[in-house]
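Below are the chains, spelled out letter by letter.
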Amino acid sequence: MQRQRPLLALIIVLLIAAITVITTIPIPLGLDLQGGSQLTIQVKPTPEVPQITERELEAVKKVVEGRVNGLGVSEALVQTVGKDQILVQLPGVSDPQAAERVLGGTAQLEFKTQKPNTEAQLFALQSSRSEQRAKQDELRKGGDQAEIAKNQAALQNNNAAIAELFERTNPPLTGRYLKDANAEPPQAGPSWSVGIKFDQQGGDLFADLTKKIAGTGRGIGIFLDSELISSPSVAAQYATTGIAGGQAQISGNFTLQTANDLSVQLRGGSLPVPVSIGEIRTVGATLGKDSIQRSIYAGVGGIVLVLIFMVGYYRLPGAIADVALLIYAILTYATFALFGVTLTLPGIAGFILSIGMAVDSNVLIFERTREELRSGKTLYRSVEAGFQRAWSSIVDSHVTTLIACAALFWLGAGLVRGFAYTLALGLFVNLFTAIVCSRTLLLLALQFPSFRKPQLFCPNLPTITKSQTEAQL
Amino acid sequence: MTFSVIKQRRIWWSISFAIILGGLISMAISWQQLGAPLRPSLDFVGGTRLQLERDCSVATNCAAPINLNAVREAVDGQGLTNNSIQIVGKEGLSIRTKTLDVDQRTKLQTALTQKIGSFDPKKTQIDTVGPTVGKQLLSSGLLALLVSFAGIVVYLSFRFQSDYAVIAIIALFHDVLITLGIFSVLGLVLGIEVDSLFVVAILTITGFSVTDTVVIYDRIREILHLHPDLPIQQIVDDAVNQTLTRSINTTITVLLTLVSLFLFGGETLRNFSLALIIGFTMGAYSSIFIASTLLCWWREQRQSRSVDAAV
């Protein structure tokens, strides 16, 4: 009893912690369960950009993020996957038409000039735009779809109105002339700036453009996918030559963060890499709910069958393994919440499957215990020996399954990864519950004389050994 | 109750050989008919699949049952050939075509709505997979399989000996080949397709099947350690017998959850759980009947060779 007490306390504490975690941290559902669209965007290399590096992928992601924001979907998620893919998740979108239309295609970056006498108008539009943006962020947290759509429309009108105030240069100075853009640390004062660099032809066009508006108070309009991302003005000193040499610096009230954002946007817009939609998965919300319902049935059905089998076959230890199994289910679910696992259908399948596998260690241990009992050892010793001698088999079998999991995880596209992750987490929790929990509980049960009967562990034990065992006890 | 796996090993080997051969023949036929050893789903070959269900809350929308000919007309009207169209349940429709872009798909949906009534967007499922994504999935799946095989060989050589490891991998190949073979037959006979979850299932079978083998190996090693002079045949037989109940019971508990998944888990998980049911059953079988007898055979060979050398 003395040795079991701290372990028992540990188990109880963990259980309480797990239940607290489960009730406080909700587990996010994958799109296949809550309904929504998932688009995988493939970034393709071109002769100019033969290899997609992390820096390029990040820049393209920025462009995609900008386009996704324009859709006005709450809780949209954009992330890079592997070397050349970007994953866009749009919860609640059952028809991804609009998304498909805006997400494909190469980014359109263009430098334009502001039309004369539009300064006041631009100022008004820009300030109302920033208000609308702030409102949009606020609304997305609330999730009122109708309001979001309304504000989104207003925002789009505003963007279109802003675009009206600028005119295209001839020939247009587009992103393909831009070679690079970088955030640059402050020279004097606290503000960061963004350095841009054009190629030969772009440098000439840029000099022309800047010459035209230098000192007028009007700005250069830098547009990414028809949305104004920056509108710097040009100082009067460049009125005769323009900003020549193909290099310029955009300064303003930039922090490191905002300077970085702008330079990544510019880089994204300068990349001539086409993006195409490689995969679309859309699941209606009702279908998702059905899947949740079904997996609950399957999970409960599976657990109940296993519980009955264990108690039917292994008697008292089986009942204890059942308790350990329930602890396993609770702890594993809490681990999912803690590790931020998103629950997908294959993930649930992995979880249910792991319930069947979780009792494997107990089966090993109890079979060993029975063997020891049959060979005439006392009950207590048999139980101890069962745990000790099954140990190496348990470790080996866990490690081999983990190797397969690691391979699955490494292979890793969305669905597959979710499955491997839940299965692997389950295996770790299982090491604890199958060995520590069931051992502690079993030894605890042996404290009670009424449980100290070998028949409860192994029915049909040969009578000779049984009487021996009882005599030894 | 003890039985000898060693005595009848030729029977077990022939059974396995026959099943694997059947599977290979089926894959060859499938290769000729479908261009792939197993019937590939959208995930591998690319294409668009629309699963639609009519919205019966709209009055008179579901008055007439879905007319398959009208659907076919609408689809053919878009200039799409080689489609498969199925009516699912009473109001559901499943259409699979080549990869459609957003305009083509919208047009098709509009045409269908005009012919047979409007659909419930909440019950719609649309999958579009570009042709390159599928190839990527296949190659990374095979790569993951090889990596996990290599990982298992390294681990088992380290924990046991290299001949144990090699034979465990042979048993693994056996399980995977049989599962592939059975799904190839199912693809030919019932039109069951393999998707990305099937790749997951195969990898899971890999992990589980070795687990079973390892438990028996563990016992062989233990008996070898306690009684080094027993003949290898008896050691293997004893080890199999002593772990038999465990092998059966573990497989039963896992199969219980899988059967539950198969029955209640819904369309998506049905073939996945079926693959696992077949693979896990084969895993238990091969651990008891194949891995053990092969190890025994190998050790016999080595012994007689070393005896020859001594002479």
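What you are looking at is a predicted structure, and each value in this text was computed from that prediction instead of being measured.

Student: I keep staring at the sheet that holds strand E10 (residues 247-254) of chain A and nothing clicks. Help me out?
Tutor: Strand pairing in a sheet relies on backbone hydrogen bonds. The paired strands run either parallel or antiparallel. Residue and element names in this part refer to chain A. Here three strands make up an open sheet; going across it, the order is E6-E7-E10 and the pairing antiparallel. The strands lining the two open edges of the sheet, one partner per strand, are strand E6 (178-184) and E10. Each strand axis lies, on average, 20 degrees off the axis of its neighbour in the sheet, ignoring direction. Bridge analysis of strand E7 (residues 192-198) against E10 gives six bridges, and the strand direction is antiparallel. Within E10, the position partnered with Gly 195 by the bridge is Gln 249. Strands in contact with helix H8 (residues 256-270) are E6, E7 and E10; relative to E6, the strand with the most contacts, it is inclined by about 170 degrees.

Student: Please clarify how the domain arrangement of chain A should be interpreted in this entry.
Tutor: Assigned domains within chain A: domain 1 (4-31 + 284-472) and domain 2 (36-118 + 165-281). One C-alpha centre belongs to domain 1 of chain A, the other to domain 2 of chain A; they are set 53 Å apart.

Student: How should I be thinking about the nonpolar core in this particular structure?
Tutor: Across soluble globular proteins, you tend to see nonpolar side chains buried next to one another. Counting 128 residues, the largest nonpolar core has A:Ala324, A:Leu325, A:Ala349, A:Leu408, B:Ala168, B:Ala201 and B:Leu203 as its most contacted members. In contact with A:Ala349, not counting residues within four places along its chain, are A:Phe419, B:Leu261, B:Gly265, B:Leu269 and B:Phe272. In terms of nonpolar packing, the next biggest core, distinct from the first, is built from 68 residues, A:Val73, A:Val78, A:Val93 and B:Ala74 among them.

Student: Sorry, what's going on with the pairing of strand E3 (residues 85-91) of chain A here?
Tutor: A regular strand places its side chains so that they alternate between the two faces of the sheet. All names here are of chain A. Within E3, six of the seven residues are buried, leaving the element largely enclosed by the surrounding structure. Here strand E1 (residues 36-43) runs beside E3; their pairing, made up of seven bridges, is antiparallel. From the neighbouring strand, Gln 38 faces E3, where its bridge partner is Gln 89. Bridge count between strand E2 (residues 77-81) and E3: five bridges; the pairing is antiparallel. Following the sheet pairing, Leu 77 is matched in E3 by Gln 89. The loop that links E2 with its antiparallel partner E3 comprises three residues; one of these, Gly 82, has a positive phi angle of about 60 degrees.

Student: What exactly am I supposed to notice about the interface of chain A and chain B here?
Tutor: By a frequent convention, interface size equals the accessible area lost on bringing the separate parts together. With 62 residues of chain A at the interface, the matching set in chain B holds 56 residues. The biggest single contributor to the side of chain A that touches chain B is helix H9 (residues 285-338) of chain A, with 15 residues. Its residues placed into classes, the side of chain A that touches chain B shows 32 nonpolar, 19 polar and eleven charged. Bridge count for strand E11 (residues 275-283) of chain A against strand E4 (residues 125-129) of chain B is five bridges, and the pairing is antiparallel. Paired with A:Ile280 across the strands is B:Thr128, a residue of E4(B).

Student: How should the environment of B:Gly283 be read in this particular structure?
Tutor: All names here are of chain B. Turning to its location among the elements, Gly 283 is positioned in helix H9 (residues 267-310). The class of Gly 283 is buried, set by 31 C-beta atoms lying within 10 Å. Remark: the alpha-carbon pair of Gly 283 and Ser 209, spanning 74 residues in sequence, is separated by 4.3 Å. Apart from residues no more than four positions distant in its own chain, Gly 283 is found in contact with Asp 175, Ile 205, Phe 208, Ser 209 and Asp 212.

The rules behind the values
Residues numbered from 1 in each chain as written. Chains lettered and ligands numbered in written order. Predicted model: local features only at pLDDT ≥ 70, side-chain atom pairs only at ≥ 80, totals over all residues. Pairing = 2+ DSSP bridges. Helix = DSSP H or I, 4+ residues; strand = E, 2+ residues; numbered from the N terminus. Axes fitted to C-alpha atoms, helices over the stretch in contact; angles between N-to-C directions. Contact = placed C-beta atoms within 7 Å. Domains from an automatic or database assignment. Core = buried A, V, L, I, M, F, W, Y, C linked by C-beta atoms within 7 Å. Buried ≥ 20, exposed ≤ 12 C-beta atoms within 10 Å, placed from the backbone. Nonpolar A, V, L, I, M, F, W, Y, C, P; charged D, E, K, R; others polar.

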